[in-house]
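Coordinates in review
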Amino acid sequence: MQNEKLIEQSSKIDDKFNKIIEHLQSELTAMRAGRANPVVLSRVTVDYYGTQTPLNQMANISVTDARTLTVSLYDASAVKEAKKAIIAADLGLNPVDDGKVIRLAFPQLTEERRKELIKQAKKVGEDSKVALRNERRDALEVGKKLKKEVSEDEIAEYEKLIQKKLDASTERVDKMIKDKEADLLEI
């Protein structure tokens, strides 16, 4: 494959595939698996003086033990708002505060909740695969548009390369989902 436009497009598709996989990784990390993990609170935003502020920017979040997170807010007057935001995020956690610090106890996951989380992980994985296939389709369209400038052999080689990259990325997604499923089933 000599054509610079095809080589450039090939490297762009690598970047796009990697972004999709990074997004999947962040989605899977945010799913709680019965252990305390500060990433669970990464999407929680608090109404702080009229502005939606991420909780992790206005508090120190630490793991006290395997099943407990401690949220120490820099501004103690925001504890009630932070507690409301955690409840509104519907994480399945019950925040308890003492006026200065919020404690979050992670309950043991029930069999039903585990199955629900596995379904959710599989759905996120399938969405990622769809996004990967859409990127492949767009990349192949670019190749077809260059048919006048590039030989058919180069186009065929380009298409095989894109398919090979898709297959590798799809395998990574499958492995990530399988690992998350094993993590969720672990007692």
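My aim in this report is to walk through the structure given alongside it, one point at a time. (Residues numbered from 1 in each chain as written. Predicted model: local features only at pLDDT ≥ 70, side-chain atom pairs only at ≥ 80, totals over all residues. Heavy atoms only, no water.)

**What about the overall build of the chain?**
The helix and strand inventory of the chain stands at five helices and six strands. Tracing the chain from N to C terminus, the helices and strands come up as α-β-β-α-β-β-α-β-β-α-α. Here the C-alpha atoms of the chain give a radius of gyration of 22 Å, more than 25% beyond the 16 Å that 2.2 N^0.38 yields for 187 residues. Its C-alpha atoms give the chain principal-axis dimensions of roughly 70 × 40 × 20 Å. Per-residue burial for the chain yields a buried fraction of 37% across its 187 residues. Long-range contacts, defined as pairs at least 24 residues apart, comprise 66% of the intrachain contacts of the chain with a sequence gap of at least 6. Put simply, the chain shows about 11300 Å² of open surface, and 50% of that area lies on carbon and sulfur atoms. (Helix = DSSP H or I, 4+ residues; strand = E, 2+ residues; numbered from the N terminus. Rg over C-alpha atoms; globule rule 2.2 N^0.38 Å. Buried < 20%, exposed > 50% of the residue type's maximum accessible area, 1.4 Å probe, protein only. Contact = heavy atoms within 4.5 Å. Areas by Shrake-Rupley, 256 points an atom, 1.4 Å probe, with all protein chains shown as cover.)

**A few points about the pairing of strand 1 (residues 45-48)**
Pairing of strand 1 with strand 2 (residues 51-54), which is carried by four bridges, proceeds in the antiparallel orientation. Paired with Val46 across the two strands is Thr53, which belongs to strand 2. Between strand 1 and the antiparallel strand that follows it, strand 2, lie two residues; Tyr49 among them carries a positive phi value of about 55°. (Pairing = 2+ DSSP bridges.)

**Here we look at the nonpolar core**
Counting 22 residues, the largest nonpolar core has Leu41, Leu55, Val71, Leu73, Ile102 and Leu104 as the members making the most contacts within it. Where this core is concerned, the elements lending two or more residues are helix 2 (55-58), strand 3 (59-65), strand 4 (68-73), helix 3 (79-88) and strand 6 (101-105). Residue contributions to this core peak at four residues, all from helix 3. In this structure, Ile13, Met31, Val124 and Ile155 belong to the second largest nonpolar core, which totals 21 residues. (Core = buried A, V, L, I, M, F, W, Y, C linked by side-chain atoms within 4.5 Å.)

**A look at the pairing of strand 3**
The side chains of a regular strand alternate, residue by residue, between the two faces of the sheet. As paired elements, strand 3 and strand 4 share six bridges and run antiparallel to each other. Its bridge partner lying in strand 4, Asp65 is registered against Thr68. Counting the residues in the hairpin turn of strand 3 and strand 4 gives two residues.

**What to know about helix 4 (residues 111-145)**
Spanning 35 residues, helix 4 covers 51 Å between terminal C-alpha atoms, matching the ideal 51 Å at 1.5 Å per step. Listed in full, the buried residues belonging to helix 4 are Arg114, Leu117, Ile118, Ala121, Val124, Gly125, Ser128, Lys129, Leu132, Ala139 and Gly143. Packing partners of the buried residues in helix 4 comprise helix 1 (4-30) and helix 5 (152-185). (Expected span 1.5 Å × (residues − 1).)

**Topic: the packing of helix 1 against helix 5**
Between helix 1 and helix 5, the shortest axis-to-axis distance is 11 Å and the interhelical angle comes to 10°. Taken together, the axes of helix 1 and helix 5 are roughly parallel relative to one another. Tallied by class, the residues present in the contact of helix 1 with helix 5 amount to 14 nonpolar, five polar and five charged. (Axes fitted to C-alpha atoms, helices over the stretch in contact; angles between N-to-C directions. Parallel < 35°, antiparallel > 145°, perpendicular 65-115°, else oblique. Nonpolar A, V, L, I, M, F, W, Y, C, P; charged D, E, K, R; others polar.)

**Describing the pattern of salt bridges**
The final tally for this structure, using the stated rule, is 14 salt bridges. Among the salt bridges present, the one from Lys123 reaches Asp127, with a minimum N-O distance of 3.1 Å. Within this pair, Lys123 and its partner Asp127 are both found in helix 4, separated by four residues, close to a single helical turn. Taking relative accessible area as the criterion, Asp127 reaches 41% and is therefore assigned partly exposed. The shortest N-O distance in the salt bridge between Lys129 and Asp174 comes to 2.5 Å. Here Lys129 is found in helix 4, whereas its partner Asp174 is found in helix 5, with 45 residues between them in sequence. (Salt bridge = Lys/Arg side-chain N within 4 Å of Asp/Glu carboxyl O.)

**Digging into the packing of helix 1 against helix 4**
The contact between helix 1 and helix 4 brings their axes to 10 Å, and the two run at 170°. Regarding the angle of helix 1 to helix 4, the classification is roughly antiparallel. Contacts from Leu6, Gln9, Ile13, Lys16, Phe17, Ile20, Leu24, Glu27 and Leu28 of helix 1 reach helix 4 at Ala121, Val124, Gly125, Ser128, Ala131, Leu132, Glu135, Arg136, Ala139, Val142 and Gly143. Broken down by class, the residue content of the contact of helix 1 with helix 4 amounts to twelve nonpolar, four polar and four charged.

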